Amino acid sequence: MRDEVRRIWFESDRRFGHRFVHSFLPDELGHVSLYRVLKCMRELGIRGCTPYKPKRTTIPDKSARPKPDLMKRDFTSLVPTYKLVGDITYLRTGEG
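Residues numbered from 1 in each chain as written. Predicted model: local features only at pLDDT ≥ 70, side-chain atom pairs only at ≥ 80, totals over all residues. Heavy atoms only, no water.

Undergrad: Please explain the packing of aromatic side chains as it appears in this structure.
TA: The geometry of an aromatic ring pair is captured by the separation of the ring centres together with the interplanar angle, meaning the angle of the planes. As enumerated under the stated definition, the model contains three aromatic pairs in all. Ring centres 5.1 Å apart and planes at 20° place the aromatic pair Phe16 and Phe20 in the stacked group. Judged by its relative accessible area of 49%, Phe20 is partly exposed. For the ring pair Phe16 and Phe24, a centre distance of 5.2 Å and an interplane angle of 20° mean the geometry is stacked. What makes Phe16 partly exposed here is its relative accessible area of 22%. (Phe/Tyr/Trp six-rings, centres within 6.5 Å; stacked < 30°, edge-to-face > 60°. Buried < 20%, exposed > 50% of the residue type's maximum accessible area, 1.4 Å probe, protein only.)

So this is what it looks like as structure tokens:
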């Protein structure tokens, strides 16, 4: 079984994780569980790779002036929903 797992992993250009390796096992190894394939890959020191990098959504502008804190960090309220605040950091690109 180890040879088959290693072969499938190498044929995938070392990209497949345990789920894909498990799905490409030959029929005679159909009884092997997903956990067993994961354990075998760990013992062999192989693992799949993620095909993408996380995208950075906010890039701060180092030359931008800091914005004033209009709330003065006071988020208390006498009545519910009296002060509505939000964060739009993910929308700003540093230009404000």
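Undergrad: Got a minute to help me understand the pattern of salt bridges in this structure?
TA: Any two side chains of opposite charge can pair, on the condition that their charged atoms come close. Going through the model one piece at a time under the given rule, you end up with five salt bridges. The salt bridge involving Asp3 is made with Arg6; its shortest N-O contact spans 3.7 Å. Placement of the pair is Asp3 and Arg6 together in helix 1 (residues 2–11), with a separation of three residues, close to one helical turn. Look at Asp3 and you get exposed, because its relative accessible area is 58%. Accessibility expressed as a relative area gives 33% for Arg6, which makes it partly exposed. The partner of Asp69 in a salt bridge is Arg73, with the nearest N and O atoms 3.7 Å apart. Here the residues in one salt-bridge network are Glu4, Arg7 and Glu11, joined through shared partners. (Salt bridge = Lys/Arg side-chain N within 4 Å of Asp/Glu carboxyl O. Helix = DSSP H or I, 4+ residues; strand = E, 2+ residues; numbered from the N terminus.)

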